[in-house]
Amino acid sequence: MKRLFTHCRLVSVDTLVNEKGGYKVQEDVSIAVENGVIKHIGSNLSQEGYDVISLEGKLVTPGFIDCHTHIVFAGNRAGEFEQRLNGVPYSQIAKQGGGILSTVTATRNASVDELVSLALPRAKALMADGITTIEIKSGYGLTLEDEIKILRAAKKLADALPLTVSTTLLAAHALPSEYKNRSDDYIEMVCDTLIPEVASKRLADAVDVFCEGIAFSPAQCGRVFEAALSCGLKIKAHAEQLSNLGGSALAARMGALSVDHIEYLDSAGVEALAEHGTVATLLPGAFYFLQETQKPPVELLRKHNVPMALSTDFNPGTSPFASLSLMMNMASTLFGLTPKENLYGVTRHAAQALGLTTKGRIAPGFDADLAVWDLSCPAELSYQIGLSPLAARYIKGELANEY
Ligand code: NIG
Ligand code: FE
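Computed from a prediction, not measured in an experiment: that's the story for all the values here.

### Regarding the coordination of the iron ion (ligand 2)
- Note on the iron ion (ligand 2): its protein donors are His68 (NE2), His70 (NE2), His238 (NE2) and Asp313 (OD). The metal-donor distances range over 2.1 to 2.3 Å.
- Considered as a linear motif, the donors of the iron ion (ligand 2) on their single chain read H-x1-H-x167-H-x74-D. With His70 in the loop between strand 6 (64-66) and helix 1 (78-85) and His238 in strand 10 (residues 234-239), the pair connects residues that are 168 residues apart, well separated along the chain.
- The buried category is assigned to His238, whose relative accessible area is 3%.

Below, the structure is given as structure tokens:
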């Protein structure tokens, strides 16, 4: 398949994100694609032998990548939302067996097919907002069978939709009640049984942990990382969300692709990310929904040139928001990110957070994953919400509007 996209207003994410002078928007550009991969970009490309598609002067960005989601789950936490509004903090709800564990109960009771049909509208909403790639975590099963069930549901979603899915095992998300007061035993089961089994079935690309006082200690997370690495899986972490335990620095030293949330990250942590090339993933939806006040150290991250990714963290407890453009707006209004930083955060840096070396940019050698927008300037991507400006999505050069 040889396809030529003409008349693109191409928004490049190829300059340094903090370079002054705004965006690189190239007018009237053509993108030549062969077998789903971008071969050439230029203004006077020959059309011979190509199937030509005019993008009519619309704005073209890399397809968006939502690099941190928990979209496969059953049940609903609206009641807990109401509890929090009546003054009960998230950490107390978690300690009382609510929070993550209430979603675990509902998810254990659901079949793979039920989980797929519950996740479908969440994925479709994100796709309507411009995503072409999504990461999906397990973490609401917490047994071998149930974690595998969630990962299988994520794989089925990938078969059902025009969407690239990256899967992550998050068995160290919460301590299941059958392991109460035996968290080391649970971690042992995760390391010795769950991770090798999931790796041998090729159900996950990476392993994630929740490193926090209400979840697992840095020492326990370190054991999980070792097990994951020895099975050839990549690692990442939910860290420094509610307190500073040093989980981010530990993850970075062990080669983590990303550390996510990081509101409480200190300067030593930021330096560790810079030294080891770990992406800082900001999740403004959870910050907003939990009404947190401690903001991630954006200035320090900029100073040390740590790439910032941006994601929905879609989940029933802390971020029930199926819109990456809403996150872009929140990242600006709550954390002070520029619209340009947001765009990098949902494309190039999000790809880096998943270790996807052929996604997130429009450049020769990259997959032709494109989002085409009825917008006049890139800042509008972070500016207005709910107007559905997406005109088309292409995945590996193929139109992916029907789903
Ligand atoms: O990313 N921080 C831990 N995990 C999720 C919350 C999951 C839940 O509350 O169900 C998060 O915010
Ligand atoms: Fe999360």
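### Structural notes on the layout of surface pockets
- The calculated volume of the largest pocket comes to roughly 460 Å³.
- Looking at the largest pocket, it is lined by 21 residues, and the ones nearest its centre are Ala94, Lys95, Leu101, Leu175 and Ile214.
- Listed by contribution, the elements that provide at least two residues to the lining of the largest pocket are helix 2 (90-95) and helix 3 (100-108).
- Among the residues making up the lining of the largest pocket, the classes are represented as 11 nonpolar, 8 polar and 2 charged.
- Of the pockets and cavities examined, the second largest pocket occupies roughly 310 Å³.
- Looking at the second largest pocket, it is lined by 16 residues, and the ones nearest its centre are Leu16, Val17, Asn305, Pro307 and His349.
- Of all elements in the fold, only helix 11 (298-303), helix 13 (339-345) and helix 14 (348-354) reach the threshold of two or more residues within the lining of the second largest pocket.
- Top contributing element to the lining of the second largest pocket by residue count: helix 14, with 3 residues.
- Residues belonging to the lining of the second largest pocket are distributed by class as follows: 7 nonpolar, 5 polar and 4 charged.
- When residues of the lining of the second largest pocket are assigned to domains, at least three fall in each of domain 1 (2-62 + 360-399) and domain 2 (64-353).

### Some points on the packing of helix 5 (residues 144-160) against helix 6 (residues 183-200)
- It is the contact of helix 5 with helix 6, at a shortest axis distance of 10 Å, that shows an interaxial angle of 30°. Comparing the axis directions of helix 5 and helix 6 gives the class roughly parallel. Classified by chirality, the crossing of helix 6 by helix 5 is right-handed. Seen from helix 5, the contacting residues are Leu144, Glu147, Ile148 and Leu151; seen from helix 6, they are Thr193, Leu194, Glu197 and Val198.
- Across the contact of helix 5 with helix 6, the residue classes break down as 5 nonpolar, 1 polar and 2 charged.

### A look at the UniProt feature "binding site: Zn(2+)" (unreviewed entry) in the chain
- Here, the residues flagged by UniProt with the feature "binding site: Zn(2+)" (unreviewed entry) are His68, His70, His238 and Asp313. For this annotated set, covering 246 residues, all C-alpha atoms fall within 12.3 Å of each other, a compact arrangement in space. The subset of the named residues that lines the largest cavity consists of His70, His238 and Asp313.
- In this structure, His238 is in contact with His68, His70, Lys137, Leu170, Asp208, Val209, Phe210, Cys211, Asp260, His261 and Asp313, ignoring residues within four places of it in sequence.
- In terms of polar contacts, His238 uses its side chain to reach the side chain of His70, at 3.4 Å.

### What about the side chain of Arg393?
- The topology assignment puts Arg393 in strand 15 (residues 390-395).
- Comment: no salt bridge for buried Arg393; closest opposite-charge side chain is Asp369, at 8.4 Å.
- Here Ile131 takes part through its backbone oxygen, which lies 2.5 Å from a polar atom of the side chain of Arg393.
- Among the polar contacts made by the side chain of Arg393, one reaches the main-chain carbonyl oxygen of Pro162 at a distance of 2.7 Å.
- Each residue touching Arg393, except ones within four places of it in the same chain, is listed here: Met127, Gly130, Ile131, Thr132, Pro162, Leu163, Leu370, Glu398, Leu399, Ala400, Asn401 and Tyr403.

### A look at unusual backbone geometry
- Even without a glycine there, the phi angle at Asn181 is positive, about 65°.
- Of note, Asn181 is situated in the loop between strand 8 (164-172) and helix 6.

### Concerning empty space enclosed by the protein
- Tallied over the full model, the rule gives 2 cavities of 30 Å³ or more.
- Volume-wise, the largest cavity comes out at about 120 Å³.
- Taken together, the residues that form the lining of the largest cavity break down as 4 nonpolar, 8 polar and 2 charged.
- One number sums up the size of the second largest cavity: a volume of about 40 Å³.
- Lining the second largest cavity, in full, are Ser166, Thr168, Asp205, Ala206, Lys234, Lys236, Leu257 and Leu354.
- By residue class, the composition of the lining of the second largest cavity is 3 nonpolar, 2 polar and 3 charged.

Calculation criteria
- Residues numbered from 1 in each chain as written.
- Chains lettered and ligands numbered in written order.
- Predicted model: local features only at pLDDT ≥ 70, side-chain atom pairs only at ≥ 80, totals over all residues.
- Heavy atoms only, no water.
- Donors = N, O, S within 2.8 Å, 3.2 Å for Na, K, Ca; no water.
- Helix = DSSP H or I, 4+ residues; strand = E, 2+ residues; numbered from the N terminus.
- Buried < 20%, exposed > 50% of the residue type's maximum accessible area, 1.4 Å probe, protein only.
- 1 Å grid on protein atoms, 1.4 Å probe; cavity = no way out; pocket = protein on both sides within 12 Å on 5 of 7 lines; lining within 4 Å.
- Points joined across faces, edges and corners; volume = space filled by probe spheres on them.
- Nonpolar A, V, L, I, M, F, W, Y, C, P; charged D, E, K, R; others polar.
- Domains from an automatic or database assignment.
- Axes fitted to C-alpha atoms, helices over the stretch in contact; angles between N-to-C directions.
- Parallel < 35°, antiparallel > 145°, perpendicular 65-115°, else oblique.
- Left-handed = near helix turned anticlockwise from the far one by under 90°.
- Contact = heavy atoms within 4.5 Å.
- UniProt positions renumbered as here; feature names shortened; annotations may be inferred.
- Polar contact = N/O pair within 3.5 Å; in protein donor to acceptor, adjacent residues only side chain to side chain.
- Lys, Arg positive; Asp, Glu negative; His and termini not counted.
- Salt bridge = Lys/Arg side-chain N within 4 Å of Asp/Glu carboxyl O.

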